[in-house]
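Fold and contact review
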Amino acid sequence: MSRPTVVYDDDCGFCTWSAGYAARHGDFDLVGFSELTTGQRTRLPDDYERCVHLLTDERVYSCGAATEEILCRIDSPATPFAEAFSEIPGREYVREPLYRWVADHRAWWGKIVSANPPARK
């Protein structure tokens, strides 16, 4: 089985920071949009540049689902909360709008994370 791959917007500072955080605290390969192989791109939705994705051998998670799955797979203070959240029926009705809000404000989040680099594992 291959390692899961986080596919992210490598033109976005917040996205790059978030992908790096996932790699430092979990077992992931990272691939920016500019580095996608043809095989990886064919697994992604047509509008793949709208959000983050997690490619596993079994499936593709996108947007809020990808973020939730990544948070459940890392060693972080947020992991128990993500795991509990993942058990809530209908959570996608909250998760996806929340993901979109964060994504739509990523320039602001980028300023916050650039001022506060993540701790090393």
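Residues numbered from 1 in each chain as written. Predicted model: local features only at pLDDT ≥ 70, side-chain atom pairs only at ≥ 80, totals over all residues. Heavy atoms only, no water.

What to know about the overall build of the protein chain
For the protein chain, the helix and strand inventory stands at six helices and four strands. Traced from its N-terminal end to its C-terminal end, the protein chain shows the element sequence β-α-β-α-β-β-α-α-α-α. A globule of 121 residues ought to have a C-alpha radius of gyration of about 14 Å, and the protein chain, at 14 Å, matches this closely. Along the longest, intermediate and shortest principal axes, the C-alpha atoms of the protein chain span 35 × 35 × 30 Å. Across the 121 residues of the protein chain, 41% fall into the buried class. When contacts within the protein chain are restricted to residue pairs at least 6 apart in sequence, those whose partners lie at least 24 apart make up 54%. (Helix = DSSP H or I, 4+ residues; strand = E, 2+ residues; numbered from the N terminus. Rg over C-alpha atoms; globule rule 2.2 N^0.38 Å. Buried < 20%, exposed > 50% of the residue type's maximum accessible area, 1.4 Å probe, protein only. Contact = heavy atoms within 4.5 Å.)

Here we look at the side chain of histidine 53
One can find histidine 53 in strand β3 (residues 53-55). At 2.8 Å, the side chain of histidine 53 and the backbone oxygen of tyrosine 48 are in polar contact. Polar contacts involving the side chain of histidine 53 include one to the main-chain carbonyl oxygen of cysteine 51, which spans 3.0 Å. (Polar contact = N/O pair within 3.5 Å; in protein donor to acceptor, adjacent residues only side chain to side chain.)

Some remarks on the sheet that holds β3
Sheet architecture is open: four strands sit in the order β2-β1-β3-β4, paired in mixed fashion. Two strands bound the open sheet, and with one partner strand each, they are β2 (29-32) and β4 (60-62). Strand-to-strand twist in this sheet, taken as the mean axis angle between neighbours without regard to direction, amounts to 20 degrees. In this sheet, β4 lies alongside β3 in antiparallel orientation, the contact comprising three bridges. By the bridge assignment for β4, leucine 55 is matched with valine 60. Along the sheet face, helix α3 (residues 64-73) touches β1 (5-8), β3 and β4 and points at about 110 degrees away from the line of β4. (Pairing = 2+ DSSP bridges. Axes fitted to C-alpha atoms, helices over the stretch in contact; angles between N-to-C directions.)

Things to note about a nonpolar patch on the surface
Nonpolar side chains collect at one region of the surface, where Leu98, Trp101, Trp108 and Ile112 lie side by side and expose about 420 Å² of accessible area between them. For the nonpolar patch, the secondary structure elements donating two or more residues are α5 (92-104) and α6 (106-115). (Patch = residues over 30% accessible without salt bridge, like charges linked within 9 Å, V, L, I, M, F, W, Y side chains within 5 Å. Areas by Shrake-Rupley, 256 points an atom, 1.4 Å probe, with all protein chains shown as cover. Salt bridge = Lys/Arg side-chain N within 4 Å of Asp/Glu carboxyl O.)

Considering the pattern of salt bridges
By the definition in use, this model includes eight salt bridges. The residue aspartate 9 makes a salt bridge to arginine 106 at a minimum N-O spacing of 3.3 Å. Of the two residues, aspartate 9 sits in the loop between β1 and α1 (13-25) while arginine 106 sits in helix α6, which places them 97 residues apart along the sequence. The class of aspartate 9 is buried, set by a relative accessible area of 14%. Three or more residues are tied together by salt bridges with common partners; here these are Glu68, Arg91, Arg95 and Glu96.

Remarks on α5
An ideal rise of 1.5 Å per residue puts 18 Å on 13 residues; α5 measures up with 18 Å between its terminal C-alpha atoms. Turning to α5, its buried residues number three or more, namely Arg95, Tyr99, Arg100 and Ala103. Down the axis of α5, the buried side of the element spans an arc of 125 degrees, and every buried residue falls inside it. Among the exposed residues of α5, those oriented more than 90 degrees off its buried face are Tyr93, Leu98 and Asp104. (Expected span 1.5 Å × (residues − 1). Arc of directions from axis to C-beta.)

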